[in-house]
Amino acid sequence: MTDRLNLSTSITGRRRFAVAAGGALGAVGRVLVADVVGRTDFDVLWATFAVNIVGSLILGYVVARHAGRSRSSPFLIPFVGVGVLGAFTTFSLFSAEVFELARAGDWFVAVAYPLLSIGAGFAAALLGIRFGGSK
Amino acid sequence: MTWVVVGAFGALGALARYGVSGIAQLMWRTTFPVGTLVVNITGAFAAGLLLALVTGRDVPDLLMTAAGVGFLGGYSTFSTWMVESVLAAESGGRVGLRRAGENLVVPLVVGVGAVAIGFAIGQWI
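Residues numbered from 1 in each chain as written. Chains lettered and ligands numbered in written order. Predicted model: local features only at pLDDT ≥ 70, side-chain atom pairs only at ≥ 80, totals over all residues. Heavy atoms only, no water.

Asks: Teacher, can you tell me more about the pattern of salt bridges here?
Replies: Pairs may arise between side chains of opposite charge once their charged atoms sit close together. All names here are of chain A. Here the structure, examined in full by the defined rule, presents 4 salt bridges over all chains. We note a salt bridge from D35 to R39, for which the minimum N-O separation is 3.5 Å. When its relative accessible area of 34% is taken as the criterion, D35 is described as partly exposed. For R39, a relative accessible area of 69% translates into the label exposed. Of the charged contacts in the structure, one is a salt bridge between E100 and R103, with a shortest N-O distance of 3.0 Å. Residue E100 and its partner R103 are located together in helix α5 (residues 92-103), separated by 3 residues, close to a single helical turn. Given a relative accessible area of 46%, R103 falls into the partly exposed group. (Salt bridge = Lys/Arg side-chain N within 4 Å of Asp/Glu carboxyl O. Buried < 20%, exposed > 50% of the residue type's maximum accessible area, 1.4 Å probe, protein only. Helix = DSSP H or I, 4+ residues; strand = E, 2+ residues; numbered from the N terminus.)

Written as structure tokens, this is what we have:
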């Protein structure tokens, strides 16, 4: 057991561990949101939309905040940025949803959904960066 | 049980993304965030493939939860894509805006295309 633990004492190993731990939390968080939205009358597309926009906002904030601080932990970005927020948000589901909408012939939503997601995601990331960057 | 599977495969997906995007970014020495692009496109392709493979088949829910929701969800990322696009726009002037535009449009178009190709291959298998 101690041998195994020693494997992750290098900084790279600990960073990987931070990514994995954060990834587990982020993925569980994403499914929680989908679960909650699934209990309402809202379409499940809104769950993907919500995690992606909220995740972009927080990542923007974290990245800008980290960049402005010299004594920020070297594990902050691997854990929160790469791990939690990377796994909380999703591109594969997003693009598969667009494909399914197009395949079902629901062209209006197939065009509106990605445009709205990208527009709102970009705005959210920008907002997060502005907030995080201001001292 | 579902939560454990989602967490474990989400962790694996995030680790795979960390590795793949790092390697891709090293291979193509460019300012374009190619690491995230490679991850998202391969993730989209795999999602299309998985979608076709489970359609009309009696596949246990847990497999879809592990491979699709956990692994691919953890592997691909939307937030990094958005933040990198904003950073590209802020890198300055017209060039920055053009870069941001490219970084928004290319992954979307190629990503949905990758889902379609994965799906077609999955149906053909």
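Asks: Whenever I open this one, the confidence of the model for chain B confuses me. Can you help?
Replies: The predicted coordinates of low-pLDDT regions are not to be read in fine detail. Per-residue confidence for chain B gives a mean pLDDT of 94; residues scoring 70 or more make up 100%. Two numbers describe this predicted complex: its pTM, 0.92, and its ipTM, 0.94. (pLDDT = per-residue confidence, 0-100.)

Asks: Just checking my understanding: could you explain a nonpolar patch on the surface for this structure?
Replies: All names here are of chain A. Taken together, the side chains of V54, L57, I58, Y61, L127 and F131 make up a nonpolar region of the molecular surface, amounting to roughly 510 Å² of accessible area. Sorting the residues of the nonpolar patch by element identifies α3 (45-67) and α6 (107-133) as the ones contributing at least two each. By residue number, the principal contributor to the nonpolar patch is α3, which donates 4 residues. For F131, the position within the fold is in helix α6. Taking relative accessible area as the criterion, F131 reaches 54% and is therefore assigned exposed. (Patch = residues over 30% accessible without salt bridge, like charges linked within 9 Å, V, L, I, M, F, W, Y side chains within 5 Å. Areas by Shrake-Rupley, 256 points an atom, 1.4 Å probe, with all protein chains shown as cover.)

Asks: What is the right way to read the nonpolar core from this model?
Replies: In summary, soluble globular proteins display a tendency toward joint burial of nonpolar side chains. Core analysis: the biggest nonpolar cluster contains 38 residues, and F94(A), Y113(A), W81(B) and M82(B) have the highest contact counts within it. Mapped by element, the contributors of at least two residues to this core are α3, α5 and α6 of chain A together with α2 (34-54), α4 (79-90) and α5 (93-124) of chain B. By residue number, the principal contributor to this core is α2(B), which donates 8 residues. In this structure F94(A) touches T48(A), N52(A), Y113(A), P114(A), S117(A), F78(B), W81(B) and L108(B), once residues within four positions along its chain are discounted. (Core = buried A, V, L, I, M, F, W, Y, C linked by side-chain atoms within 4.5 Å. Contact = heavy atoms within 4.5 Å.)

Asks: Can you help me understand the interface of chain A and chain B in this one?
Replies: Where interface size is given, it is often the accessible area lost as the parts come together that is meant. Opposite the 45 residues of chain A that make contact, chain B presents 40 residues. Taken over both partners, the interface formed by chain A and chain B buries close to 3400 Å², and the fraction arising from carbon and sulfur atoms is 79%. It is F91(A), F99(A) and F122(A) in chain A that bury the most area against chain B; as a group they hold 21% of the surface buried on that side. Counting the contacts that link chain A with chain B gives 1 salt bridge. Taken together, chain A and chain B are joined by 11 residue pairs in polar contact (both at pLDDT 80 or more). (Buried area = accessible area lost by both parts, 1.4 Å probe. Polar contact = N/O pair within 3.5 Å; in protein donor to acceptor, adjacent residues only side chain to side chain.)

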